[in-house]
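The primary structure of each chain is shown beneath.
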Amino acid sequence: MRNTYQTPVLDEPDLTTGELELEERHSLRRVAGLSTELTDITEVEYRQLRLERVVLVGVWTEGSVDDAENSLAELAQLAETAGSQVLEGLIQRRKQPDAATFIGRGKVDELRDVVVSTGADTVICDGELSPSQLRKLEQEVKVKVVDRTALILDIFAQHAKSKEGKAQVELAQLQYLLPRLRGWGDSLSRQGGGAGGGSGGGGVGTRGPGETKLETDRRRINYRISRLRREIKAMRTIRETKRSRRQSSGTPAVAIAGYTNAGKSSLLNRLTEAGVLVENALFATLDPTTRRTAAEDGRVYTLSDTVGFVRHLPHQIVEAFRSTLEEVAEADLVVHVVDGAHPDPEGQVSAVREVLGEVGADRIPELLVINKMDAADEETVLRLKRAWPDAVFVSARSGSGIHELRTAIAERLPRPAVDLRILLPYDRGDLVARVHRTGQVLQSRHLDDGTELQVRVDERLAADLEPFRC
């Protein structure tokens, strides 16, 4: 089966949030026309893939033809986000990918003809290829071959901005690169001198069998991976300290999770006026953002935006971003955002829940939120309402359903457990503020001696209020 994909025209984004960051991101674009030649890729520093004109290749092993085409369409979006121009897409029906060339020996010639006729300089495969599959396919088609995992890692490298995000992405890239190290020509030569220590030797301390450049690179990468893990562990400690402070204050935590480009950042901006970057692109924001907001009854809670998910999210990404994803696992409520205008929202939900299960967040209460209702057709809306009757249907762009979402979040927040009637002197405004911030005020009355309150609070605050109990 052969499909041709054209780059879609993206809607002009609303310039209401993240304008400076968005302008900075768009100020540097890859120059079209640069070839992606085969070069030694054993440098330790992570590389941008320099994708320009690409042909997509997928292997359809299970599911319907719509599933296969949706997967390839998503690969096209990933390629475009990385700065590529998608020329054509090919799908092959097989029981399983070919062990040697991914798509089978017979289809390799057809792929090579498509590459030549379109002038493509890169082939992107919809799956994770083994080192031998990458090497063999490159030898056959004579252009650079990139798999889905490397493509996602490249996008993460472009979009990471914080120190922690950059370290996490570099760790994931090096873990991916390590088993795929290879060298051509001189890169396989020995770095030291000969065993006999002749006149051509490398000098004092280098005589002997030496080591190949491949071995040197592997040693350098392993050292860098160890260093990055130590740095991320230290950053994780800082993140856990901040989280413990929020938990000790009794402030409920709500995490926004969902598929990439489902509108998580837009919803965070609507709910808290956070000013987070919003862009119609996959993985537009990687660094988590936490903001405080309040329910209608006055209870304060935090909302945290998290990295977006995707089908077959590389395990290197899940492992490297584990400390970030643990924000979801430690939350009191997960707001799971779904793109209601996507061709396969059910598939998105399954992919997100799979990743949430990997980080232990599947035990957290979930509120399903179907976004982009202004762009979804009526038939899709009715189908989704039948499938998920308890979900909240909203549009972050138009603001439709936002009030209902606030109400639904407030109803699912953990409620304080202890009921008290207290009389607080007027000079204890600090305790009044704590009650309003972390508990519920059921009744309030101002008396000569102070403020009489009927409250519902947690056990920690109840202990502090015990001396003022009526």
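Just so you know, these numbers come straight off a predicted model, no measurement behind them.

### Let's talk about the pairing of strand β10 (residues 366-371)
Counting buried positions over the six residues of β10 gives five, a clear majority of the element. One ladder, built from six bridges, connects strand β9 (residues 333-339) with β10; its direction is parallel. When the bridges of β10 are listed, Val334 appears paired with Glu366. Following the chain from β10 across helix α12 (residues 378-387) to the adjacent parallel strand β11 (residues 392-393), one finds a crossover that is right-handed.

### Overview of the environment of Arg291
Within the element layout of this structure, Arg291 appears in strand β7 (residues 289-294). In the structure, Arg291 is positioned 11 residues away from Thr302 in sequence and 5.5 Å away in space, judged by C-alpha atoms.

### Concerning the packing of helix α2 (residues 65-81) against helix α5 (residues 148-159)
Where α2 meets α5, the closest approach of the two axes is 9 Å, and the angle between their N-to-C directions is 35°. The handedness of the crossing between α2 and α5 is left-handed. Only Arg148, Leu151, Ile152, Ile155, Gln158 and His159 of α5 make contact with α2, whose side of the interface consists of Ser71, Glu74, Leu75, Leu78, Ala79 and Thr81. Of the residues contributing to the contact of α2 with α5, the split by class is six nonpolar, four polar and two charged.

### Topic: the pattern of salt bridges
Throughout the structure, instances matching the rule amount to 21 salt bridges. Residue Arg311 pairs with Asp344 through a salt bridge whose shortest N-O separation is 2.6 Å. Residue Arg311 is located in the loop between β8 (300-305) and α9 (315-320), and its partner Asp344 is located in the loop between β9 and α11 (345-358); the two are separated by 33 residues in the primary sequence. Each member of the pair, Arg311 together with Asp344, is buried. Across the pair Asp430 and Arg428 runs a salt bridge whose closest N-O atoms are separated by 3.1 Å. One continuous salt-bridge network, built from bridges that share partners, spans Glu74, Asp126, Arg148, Arg311 and Asp344.

### As for the nonpolar core
Grouped together as the largest cluster of nonpolar side chains are 103 residues, with contacts concentrated most on Leu111, Phe309, Leu405 and Ile409. Those residues within four positions of Leu111 in sequence are excluded, and the remaining contacts are Val55, Val57, Leu90, Ile103, Val123, Leu137 and Val141. One finds Val455, Val457, Leu461 and Leu465 within the second-largest nonpolar core, a separate group that totals 12 residues.

### Some details on the layout of surface pockets
Taken as a whole, the second largest pocket holds about 750 Å³ of empty space. Considering the residues around the second largest pocket, the lining is formed by 31 residues, among which Glu62, Ser71, Asp126, Arg311 and His312 are closest to the centre. Of all the elements in the fold, those that place two or more residues in the lining of the second largest pocket are β2 (53-60), α2, α5 and α11.

### What to know about α12
Along α12, the residues that are buried comprise Thr380, Val381 and Leu384. Summarising the axial view, the buried residues of α12 lie within an arc of 100°, below the 170-degree limit, and thus occupy one face. What points out from α12, more than 90 degrees from its buried face, is the exposed set Glu378, Glu379 and Arg386. Buried residues along α12 sit against α11, β10 and β11.

Reading guide: rules and limits
- Residues numbered from 1 in each chain as written.
- Predicted model: local features only at pLDDT ≥ 70, side-chain atom pairs only at ≥ 80, totals over all residues.
- Heavy atoms only, no water.
- Buried < 20%, exposed > 50% of the residue type's maximum accessible area, 1.4 Å probe, protein only.
- Helix = DSSP H or I, 4+ residues; strand = E, 2+ residues; numbered from the N terminus.
- Pairing = 2+ DSSP bridges.
- Right-handed = clockwise from strand over helix to strand, strands pointing away.
- Axes fitted to C-alpha atoms, helices over the stretch in contact; angles between N-to-C directions.
- Left-handed = near helix turned anticlockwise from the far one by under 90°.
- Contact = heavy atoms within 4.5 Å.
- Nonpolar A, V, L, I, M, F, W, Y, C, P; charged D, E, K, R; others polar.
- Salt bridge = Lys/Arg side-chain N within 4 Å of Asp/Glu carboxyl O.
- Core = buried A, V, L, I, M, F, W, Y, C linked by side-chain atoms within 4.5 Å.
- 1 Å grid on protein atoms, 1.4 Å probe; cavity = no way out; pocket = protein on both sides within 12 Å on 5 of 7 lines; lining within 4 Å.
- Points joined across faces, edges and corners; volume = space filled by probe spheres on them.
- Arc of directions from axis to C-beta.

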